[in-house]
Amino acid sequence: MTSEVESIGAGFKPVADERREITRNVVVPRRHPGRWIAVAVLAVLVLQFGQAISVNPNFHWDVYLTYLFAPPVIRGVGWTLLLTVVAMTVAITVAGLLVVMRDSENPILRGIAYGWVWFFRGTPIYTQLLFWGLFAVLFPNLSLSIPFGPELISVETKYIVTPAIAAILGLGFNESAYLTEIFRAGFNSIDRGQAEAAQALGMKRAKIWMRILMPQAMRVIIPPTGNETIGMLKMTSLVLAIPFTLDLTFATNAISNRLYLPIPLLLVAGTWYLAITSLLMIGQYFLERHFGKGVSAHSTRVG
Amino acid sequence: MTANISEFCVEMQNIHKFYGPFHALKGVSLRVRRGEVCVAIGPSGSGKSTLLRCINQLETISAGRVLLKGELQGFVEQDGRFHPLSSGQIAAQRRLTGMVFQRFHLFPHMTALENIMEGPAHVKGWSKDQARTKANQLLERVGLGGFGGRYPEQLSGGQQQRVAIARALAMEPEVMLFDEPTSALDPELVGEVLDVIKDLARSGITMVVVTHEIGFAREVGNHLIFMDQGQIMEEGHPRSMLADPQNPRTAAFLSKVL
């Protein structure tokens, strides 16, 4: 490859990889005694801590093992995962729309986007979920009608806004407000010249957003969005407020209330949350690698 | 060839541009013939870049008219009033021009080849293969055959600017606009970019070039304008104007840069 490149183009001279006549300096690696001491101290502490937990009867490890893969727990894991993924999808879609609206020339669209973020970021998620739960009580019927005129269609709300839908919309809308700010930061981080270069090519607005700005903003957007996704995973335990009773925390709480043994079931729930978080982090790694194309990773480690 | 209403590729009529209270362009008129290489020089802040950006509507003019090949840009004029075009129509008008920026503005998440393919494939709607063939031809033309797989970050400034020129050419524009194309380059890289631009100039494409390279203006320009404080102070053929400037401001400027 090197020889092929060598013959083409001006201003590019590949450097020979290694020349035989050069004797490299003999470099003696620096010693790091501090690291070895730290390893020894930590090893003792970890072993002690491990022993203190594993042989401690108060942790009821037998109960932990019995319920770790119990059907209601597994069902809870499934629902929690589903709520996280669907609510996050709703949030990303809404936030994507809002961030474009905020950049719009239409003052009404800008106002709506601003108001949405103001409201959903400014009220507690628990209160919002309580209201989503009360939605069917506050509005028993959803109808499409001409204002002050005849009614066209009418449906009972409880068939549309089920607890699952209420949970998804409640979590998703709340999260969209935070994501809008993250997306905005991502798009603002791009040089203005990028959009101008695309405009100069005759690209239309939608194409510029999708092909030029979005892939570049992703680099900035993904890490905090990963945070938010993991936050959402744990926030799903609040759907109790609706009440939605199939998620992981509710399932393990129900069992522990029956057994009067809260500790092992808290450990069960904790283990599963940790497992799902690990899975999400792997996904984030690959997303970051994909959108990091064309940008060399800079290590922030000094010296 | 069909008769054209205008022999001028670019026609600017009495352009004014305000940024808030700041009067950046004060009634500039300019005509560029087909195949002409029009070079704009002048001190920083004289409005030459603004003028260039008005041609492809990156700036909205406050007064006057910009015509490309006789067609009014950005508006439809009816009963003495100006009706703005939609953003889609403006995007379509921008295909008449290609622009090269001072700081390249290559798309960093795409390889050199993908940068050049972007216009043909995603604006003109060519097939990927067609666009790739065209992009490879253009890379050869700017002396960068074999560099298509590199990301902008892996290229020198001069190479990036040559890719940017190829990207603009890929849209087959009627007019090429250069906004100080060598100002952000290390001195030893200026030559390779100027060579590509000179080559283009000789190929007969209409060009408007904002630059500080007086030598370039003399060598390939056939229409020179000197701008100062938002106005064209002097206009003429580069050789005569550079040798014998009529306006004292032109003379003062040239004495500093030559």
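Given the structure is predicted, the values throughout are model-derived calculations rather than measurements.

Hey, could you run me through the overall build of chain B in this one?
The helix and strand inventory of chain B stands at nine helices and twelve strands. Compactness check: chain B gives a C-alpha radius of gyration of 18 Å against a globular reference of 18 Å for 258 residues, within 12% of the reference. With the C-alpha coordinates aligned to their principal axes, the bounding extent of chain B is approximately 50 × 50 × 40 Å. Split into buried and exposed, the 258 residues of chain B put 55% on the buried side.

So what exactly am I meant to see when it comes to the interface of chain B and chain A here?
How big an interface is tends to be stated in terms of the accessible area lost upon association of its parts. Taken together, the 33 residues of chain B in the interface contact 29 residues of chain A. Taking both partners together, chain B and chain A bury about 2,700 Å²; carbon and sulfur atoms supply 56% of that area. Here chain B is connected to chain A by three salt bridges. One salt bridge in this structure joins Glu118(B) and Arg211(A), with 2.5 Å as the shortest N-O distance. Taken together, the links from chain B to chain A amount to seven residue pairs in polar contact (both at pLDDT 80 or more). The element best represented in the side of chain B that touches chain A is helix α2 (residues 87-94) of chain B, accounting for four residues.

Whenever I open this one, helix α3 (residues 112-122) of chain B confuses me. Can you help?
Along an α-helix, residues three or four positions apart point the same way, because every turn accommodates 3.6 residues. Among the eleven residues that make up α3(B), nine are buried, leaving the element largely enclosed by the rest of the structure. Every buried residue belonging to α3(B) is among Ala112(B), Leu113(B), Asn115(B), Ile116(B), Met117(B), Glu118(B), Gly119(B), Pro120(B) and Ala121(B), and all of these are buried. Buried residues along α3(B) sit against α10 (205-235) of chain A together with α4 (128-141) and α5 (157-169) of chain B.

Just checking my understanding: could you explain the pairing of strand β8 (residues 97-100) of chain B for this structure?
The two faces of a sheet get side chains in turn, since along a regular strand they alternate between them. Residue and element names in this part refer to chain B. Along β8, one buried face is formed by Thr97 and Met99 and the opposite face, lined by Gly98 and Val100, is buried too. Judged from the four bridges that link them, β8 and strand β9 (residues 175-179) form a sheet pairing that is parallel. Bridging across to β9, valine 100 finds its partner in phenylalanine 178.

Looking at this model, I keep getting lost on the sheet that holds strand β10 (residues 206-210) of chain B. Mind explaining?
Backbone hydrogen bonds are what pair the strands of a sheet, in a parallel or an antiparallel way. Residues and elements named next belong to chain B. An order of β8-β9-β10-β3-β11-β12 is seen for the six strands of this open sheet, with the pairing classed as mixed. Either end of the sheet is taken by a strand with one partner, and the two such strands are β8 and β12 (231-236). Taking the axes of each pair of neighbouring strands and ignoring which way they run, one obtains an average angle of 20° across the sheet. Seen against the sheet, α5 touches β8 and β9 and runs at an angle of roughly 170° to β8.

Mind showing me how you'd approach the pattern of salt bridges here?
Pairs may arise between side chains of opposite charge once their charged atoms sit close together. Under the defined criterion, the tally for this structure stands at 23 salt bridges over all chains. Note that Lys17(B) is salt-bridged to Glu59(B), the shortest N-O span being 4.0 Å. Highlighted residues: Lys17(B) in strand β1 (residues 8-19) and Glu59(B) in the loop between α1 (48-55) and β4 (63-68), separated in sequence by 42 residues. Relative accessible area serves as the criterion here: at 8%, Lys17(B) is assigned to the buried category. Among the residues examined, Glu59(B) registers a relative accessible area of 14% and is labelled buried. One continuous salt-bridge network, built from bridges that share partners, spans Arg192(A), Glu196(A), Lys17(B), Arg53(B) and Glu59(B).

How do you make sense of unusual backbone geometry when you look at a structure like this?
For the bond running from Ile242(A) to Pro243(A), omega is 0°, close enough to zero to count as cis. On the secondary structure map, Pro243(A) appears in the loop between α10 and α11 (248-259). A positive phi angle, close to 65°, is found at Gln57(B), a residue other than glycine. Summarising the element assignment, Gln57(B) is placed in the loop between α1 and β4. For Glu172(B), which is not a glycine, the phi torsion comes out positive at approximately 50°. Residue placement: Glu172(B) occurs in the loop between α5 and β9. By relative accessible area, which is 42% here, Glu172(B) ends up partly exposed.

What exactly am I supposed to notice about the confidence of the model for chain A here?
If pLDDT is low for a region, its predicted coordinates should not be looked at in detail. Per-residue pLDDT for chain A averages 89, and the proportion of residues at 70 or more is 91%. Below pLDDT 50 for its whole length, residues 1-14 of chain A participates in 16 contacts with residues either more than four positions away or in separate chains.

I keep staring at the packing of α3(B) against α5(B) and nothing clicks. Help me out?
All names here are of chain B. Look at α3 against α5: their axes get within 7 Å of each other, and the N-to-C directions meet at 25°. By the angle class used here, α3 and α5 are roughly parallel. Between α3 and α5 lies a crossing whose hand is right-handed. Touching Ala112, Asn115 and Ile116 of α3 are Val163, Ala166 and Arg167, all from α5. Partitioned by chemical class, the residues of the contact of α3 with α5 number four nonpolar, one polar and one charged.

Explain the environment of Val295(A) to me, please; I cannot follow it from the model alone.
Tracing the sequence through the fold places Val295(A) in the segment after α12 (262-291). Assessed through its relative accessible area of 31%, Val295(A) is described here as partly exposed. For the pair formed by Val295(A) and Val77(A), sequence separation is 218 residues and the distance between their alpha carbons is 37 Å. If we ignore the near neighbours within four places in the chain, the residues touching Val295(A) are Arg219(A) and Glu153(B).

Would you explain the sheet that holds β4(B) in this entry?
All names here are of chain B. Read from one edge of the open sheet, four strands run β2-β1-β4-β5, paired in antiparallel fashion. Looking at which strands have only one partner, the edges of the open sheet turn out to be β2 (22-33) and β5 (71-72). Direction of pairing for β1 relative to β2: antiparallel, over a ladder of nine bridges. The partner of valine 10 across the bridge, within β2, is valine 32. Across the sheet, α1 lies against β1, β2 and β4, angled at about 120° from β1, the strand it touches most.

It is not clear to me how the side chain of Glu192(B) should be interpreted in this structure. Could you clarify?
Residue and element names in this part refer to chain B. Along the chain, glutamate 192 falls in helix α6 (residues 187-202). For glutamate 192, a relative accessible area of 14% puts it in the buried group. Engagement of the side chain of glutamate 192 in a polar contact is seen with the backbone nitrogen of glutamine 159, the distance being 3.4 Å. With residues near it in sequence (within four places) discarded, glutamate 192 still touches Ser156, Gly158, Gln159 and Arg162.

Each value, and the rule that gives it
- Residues numbered from 1 in each chain as written.
- Chains lettered and ligands numbered in written order.
- Predicted model: local features only at pLDDT ≥ 70, side-chain atom pairs only at ≥ 80, totals over all residues.
- Heavy atoms only, no water.
- Helix = DSSP H or I, 4+ residues; strand = E, 2+ residues; numbered from the N terminus.
- Rg over C-alpha atoms; globule rule 2.2 N^0.38 Å.
- Buried < 20%, exposed > 50% of the residue type's maximum accessible area, 1.4 Å probe, protein only.
- Contact = heavy atoms within 4.5 Å.
- Buried area = accessible area lost by both parts, 1.4 Å probe.
- Salt bridge = Lys/Arg side-chain N within 4 Å of Asp/Glu carboxyl O.
- Polar contact = N/O pair within 3.5 Å; in protein donor to acceptor, adjacent residues only side chain to side chain.
- Pairing = 2+ DSSP bridges.
- Axes fitted to C-alpha atoms, helices over the stretch in contact; angles between N-to-C directions.
- pLDDT = per-residue confidence, 0-100.
- Parallel < 35°, antiparallel > 145°, perpendicular 65-115°, else oblique.
- Left-handed = near helix turned anticlockwise from the far one by under 90°.
- Nonpolar A, V, L, I, M, F, W, Y, C, P; charged D, E, K, R; others polar.

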